[in-house]
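Listed below, chain by chain, are the residues.
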Amino acid sequence: SRARQAPSWMCLGDVGADDAAKLMLPRLLQMQVRHELSNLDPKKTIAEIRSYSSPPKVVPKVMAGVLCALGRRLKDLSEWKQIRLELKDTLLAEMDALDPAKKSKKRPWRESQQATKGVILEEVNDKGSVAAQVVFKWLEVSRLVRKISIMLRKEDEANDKDDDD
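Residues numbered from 1 in each chain as written. Predicted model: local features only at pLDDT ≥ 70, side-chain atom pairs only at ≥ 80, totals over all residues. Heavy atoms only, no water.

## Looking at the overall build of the protein chain
Test applied: Under the DSSP-based scheme used, a helix requires at least four consecutive residues in state H or I and a strand at least two consecutive residues in state E, with every element numbered from the N terminus. The cut-offs for exposure are 20% and 50% of the maximum accessible area for each residue type, with area from a 1.4 Å probe on protein chains only; residues under the lower value are buried, those over the upper are exposed, and the others partly exposed. Method for areas: the Shrake-Rupley scheme with a 1.4 Å probe, in which residue coverage is limited to the protein chains shown.
Looking only at helices and strands, the protein chain features eight helices and zero strands. When the helices and strands of the protein chain are listed from N to C terminus, the series reads α-α-α-α-α-α-α-α. Expressed as a percentage of the 165 residues in the protein chain, the buried residues total 41%. Total accessible area on the protein chain stands at roughly 9800 Å², and carbon and sulfur atoms take up 54% of it.

Dropping the structure here:
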C-alpha cells in the first residue's frame, strides 16, 4: 500500500498521490460531462429520446450501452421498444450517481461495450440529438475512469504482493 495520500482537494477517493495523478484527467473529464448532464432538463431530455418512433441506428445502441452500464441486461434491450420502456425521467440522476471508479461486476460494462460496438462520437454527433451526444460522452468517460481505476487496483495489488515478498 502506498504511504503518500492524495490531497483532499482532489476528491479522488481512497488512492495514493501517484494514483490520484493518473486519475485526475479522467476525473476532470467526468466532472465536465456531469456538468453537461446537469444542464439538460431530465424530463425533456428523456422525453425527446423516447419520442423517436424509429430513431437513427446509433441512438438505440447508445441508450442500450448506457442502460447496460447501469445494470440492465443487454438481452432485454434488443429492440427499441424495450429500450424506450427503460428510459425513465430518473435516468440522468441514475447516471450521475454511478461511480465507475468503484469496484464492480464486469458484466454490465462488457454488455455496454457490446451494445455500442462500432459506434463513434462523430456518428453520434451527426445522427443523434444533443442529448444522445452528451449521454454517449458520459458513457465513454465513465468507461475511461473505470479502465484506469482497474489498472490502478491491479498495480496496487502487485505492489502489495511485492511488499509481502
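## Considerations on the pattern of salt bridges
Using the following cut-off: What counts as a salt bridge is simple: a side-chain nitrogen of Lys or Arg found within 4 Å of a carboxyl oxygen of Asp or Glu.
Applying the stated criterion across every chain, the model contains ten salt bridges. When the shortest N-O distance is used, the salt bridge between D99 and R27 registers 3.3 Å. Here D99 is found in the loop between α5 (91-97) and α6 (106-115), whereas its partner R27 is found in helix α1 (residues 17-38), with 72 residues between them in sequence. Judged by its relative accessible area of 26%, D99 falls in the partly exposed class. The partner of R72 in a salt bridge is E94, with the nearest N and O atoms 2.7 Å apart. Here E94 lies in helix α5 and R72 lies in the loop between α3 (58-69) and α4 (80-86), a separation of 22 residues in the sequence. On the basis of relative accessibility, which here comes to 19%, the residue R72 falls in the buried class.

## As for the confidence of the model for the protein chain
Low pLDDT means the predicted atomic positions in that stretch should not be read closely. Applied cut-off: A residue's pLDDT is the confidence the predictor assigns to it, expressed on a 0 to 100 scale. Contact between two residues is taken to exist if any of their heavy atoms lie within 4.5 Å; hydrogens are not considered.
With 85% of its residues at a pLDDT of at least 70, the protein chain reaches an overall mean of 86. Throughout residues 1-14 the model reports pLDDT below 50, and contacts reaching past four residues in sequence, or to other chains, amount to 25 contacts.

## What about the environment of D41?
The condition that has to hold: Any pair of nitrogen or oxygen atoms within 3.5 Å is treated as a polar contact; in protein, a donor-acceptor pairing is required on top of that, and neighbouring residues in sequence qualify only through side-chain atoms on both sides.
Along the chain, D41 turns up in the loop between α1 and α2 (42-50). A sequence separation of 48 residues divides D41 from D89, and the C-alpha atoms of the two residues are 9.5 Å apart. From its side chain, D41 meets the backbone nitrogen of K44 in a polar contact 2.9 Å long.

## Considerations on the side chain of R143
Along the polypeptide, R143 turns up in helix α8 (residues 130-164). Look at R143 and you get buried, because its relative accessible area is 10%. Polar contacts involving the side chain of R143 include one to the side chain of E140, which spans 2.7 Å. Excluding anything up to four places from it in sequence, R143 contacts W109, S112, Q113 and T116.

## As for the environment of Q114
By secondary structure assignment, the location of Q114 is in helix α6. For Q114, a relative accessible area of 46% puts it in the partly exposed group. When the C-alpha atoms of Q114 and L74 are compared, they prove to be 8.4 Å apart, with 40 residues separating the residues in sequence.

## Notes on the nonpolar core
Nonpolar side chains tend toward joint burial in soluble globular proteins. The condition that has to hold: For this analysis, a nonpolar core means a set of buried residues of the types Ala, Val, Leu, Ile, Met, Phe, Trp, Tyr and Cys, connected via side-chain atoms within 4.5 Å.
Counting 39 residues, the largest nonpolar core has V62, M63, I83, L87, L91, M95 and W138 as its most contacted members. Elements that contribute at least two residues to this core include exactly α1, α2, α3, α4, α5, α6 and α8. Take this core: its biggest share by element is eleven residues, from α8. Those residues in contact with M63 that sit more than four places away from it in its chain are I49, I83, L87, L91 and V135.

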